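A closer look at the structure
What follows is the residue order along each chain.
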Amino acid sequence: APGEFDAGARERARAALERARERTLALTDCLDEDGLTAQHSPLMSPLVWDLAHIGNQEDIWLLREAGGGPGLRPALDPVYDAFRTPRADRPTLPMLPPDEARAFVAEVRAGALEVLERAPAGGSPLLAGGFVFGMVAQHEQQHDETMLATHQLRRGPAVLTGEEPPRPDPADVAALPREVLVPGGVFTMGTSTDPWALDNERPAHPVDVPAFWLDTVPVTNGAYQEFIDDGGYRDPRWWSPEGWEYARRVGLEAPLFWKREGGIHGGGGTWTRRRFGHTEPVPAGEPVVHVCWYEADAYARWAGRRLPTEAEWEKAARHDPATGASLRHPWGERDPEPRHANLGQRSLRPAPAGAYPEGAAPCGARQLLGDVWEWTASEFTGYPGFTAFPYREYSEVFLGDGYKVLRGGSFGTDAVACRGTFRNWDHAVRRQIFAGFRTARTATEGEGDLC
Ligand code: AVJ
Ligand code: FE
């Protein structure tokens, strides 16, 4: 039964924990001691901090809170408390060296799997549907994506490999409309039933979203280059006042990791990008990635459009006009499979725009999940009736603080941490995350009204 921690939920929890750990080890076993303890960017923790922080959270939530035991190493809590020490200062912490960190996470995991076996089938909200195990698996996967971003920032020879994402059928892509219409009316945003949904995705509530048009696919590198070539970075008309001030101050002129080869300042030449240790021509047909919210907002204004609100994004991704219900994923209730979306770090890049027809939403938009996180116009706030669960530091302390919401997940997001309701957030200036965007416009009167 839903809500019960039955055999099926236990098996899903075990599989999610094991998949997360395989990825964590793949991201850390490929570097030597120096590569793990060095700080590759002041924006990020040393990788060995993420590794033992993953184990520390599992110690707290699975061994102590779910298991009711004393935990393995509570004395490590202050070292791996993200709120006590900002990322820039973490190299100074008395962190476990790599071998000890590996032994620590393995020992915590052995205990956690015992808790998983013997935890009661019902009773506490923490165990309902295996929530706390799902939460810990999602936490590890979120840090894995953060570690992937650290790998992208890291200088030096490539150490990661991935598959090529599928090439979409060019005829199919050419036939796609530039934008799709999402009719006006009420839809159900958020969820009260998804057992592993996190506190900020709850509860389900009705939201009236007027009709709007949304880009069928994310904005591509080719389209973004037109903005650059048109002098978009030098024209304050397109920028919010804070965005303009920021862009001038730090000298923004292209997405992070891009470099102009030849040409003159402000025009000409060709662009290359650095991607996981390789330099390559910027592929025009792929969604743009590594832009901050200010750049996305400026591009949208230049294009005569705007960023979608978070509610618009979720309505496009979930609302099924045939039934009036909200789907779990754009394609329906099934867990993501490789044919639906570019998720899970199978690939180290977004797929070309127009890929994944089988993952399309009812409105016809593609690639809403996977490829790149999508900046929305909205700030991160709690839904009506929000209650922090199980700890205030996951979401609550960030609410109302000016963070911008991102939706949809990237090629580096695991399926367990990605669904139509999943909410991510970050500062408007952040570019090391795997973020792109798509644009929208409000429909004119008469377009898309429900009669
Ligand atoms: C939800 C991705 C914003 O990485 O800061 C990890 C996830 N929370 N550990 C973050 C998280 C605690 C969080 N984001
Ligand atoms: Fe964390």
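Residues numbered from 1 in each chain as written. Chains lettered and ligands numbered in written order. Predicted model: local features only at pLDDT ≥ 70, side-chain atom pairs only at ≥ 80, totals over all residues. Heavy atoms only, no water.

This part covers the side chain of Asp 50. With respect to the helices and strands, the residue Asp 50 is situated in helix H3 (residues 47-66). Put simply, Asp 50 is tucked away with no salt bridge, and the nearest opposite charge, on Arg 90, sits 5.8 Å away. One polar contact links Asp 50 to His 143, side chain to side chain, over a distance of 2.9 Å. With near-sequence residues (within four places) excluded, Asp 50 lies in contact with Ser 45, His 143, Thr 146 and Met 147. (Helix = DSSP H or I, 4+ residues; strand = E, 2+ residues; numbered from the N terminus. Buried < 20%, exposed > 50% of the residue type's maximum accessible area, 1.4 Å probe, protein only. Lys, Arg positive; Asp, Glu negative; His and termini not counted. Salt bridge = Lys/Arg side-chain N within 4 Å of Asp/Glu carboxyl O. Polar contact = N/O pair within 3.5 Å; in protein donor to acceptor, adjacent residues only side chain to side chain. Contact = heavy atoms within 4.5 Å.)

Across the interface, H3 lies against helix H4 (residues 98-118) with an axial gap of 9 Å and an inter-helix angle of 25°. Here H4 runs roughly parallel to H3, going by the angle between their axes. H4 is crossed by H3, and the crossing has left-handed handedness. Listed contacts from H4 to Val 48, Leu 51, Ala 52, Gly 55, Asn 56, Glu 58, Asp 59, Leu 62, Leu 63 and Ala 66 of H3 are Pro 98, Ala 101, Arg 102, Phe 104, Val 105, Val 108, Arg 109, Gly 111, Ala 112 and Val 115. Counted by class, the contact of H3 with H4 contains 13 nonpolar, three polar and four charged residues. (Axes fitted to C-alpha atoms, helices over the stretch in contact; angles between N-to-C directions. Parallel < 35°, antiparallel > 145°, perpendicular 65-115°, else oblique. Left-handed = near helix turned anticlockwise from the far one by under 90°. Nonpolar A, V, L, I, M, F, W, Y, C, P; charged D, E, K, R; others polar.)

In this section: unusual backbone geometry. With an omega of -10°, the peptide bond running from Arg 202 to Pro 203 counts as cis. Structurally, Pro 203 is set in the loop between strand S2 (185-189) and strand S3 (205-209). Backbone torsion omega between Phe 389 and Pro 390 reads -5°, so that peptide bond is classified as cis. By the element assignment, Pro 390 lies in the loop between strand S8 (373-379) and strand S9 (404-407). The backbone phi angle of His 290 is positive, close to 70°, even though this residue is not glycine. Note that His 290 resides in the loop between strand S7 (278-281) and helix H9 (293-302). Given a relative accessible area of 6%, His 290 falls into the buried group.

Relative to the 33 Å expected for 23 residues at 1.5 Å per residue, helix H5 (residues 131-153) spans 33 Å between its end C-alpha atoms, a close match to the ideal helical length. Within H5, 22 of the 23 residues are buried, which leaves the element mostly enclosed by the surrounding structure. (Expected span 1.5 Å × (residues − 1).)

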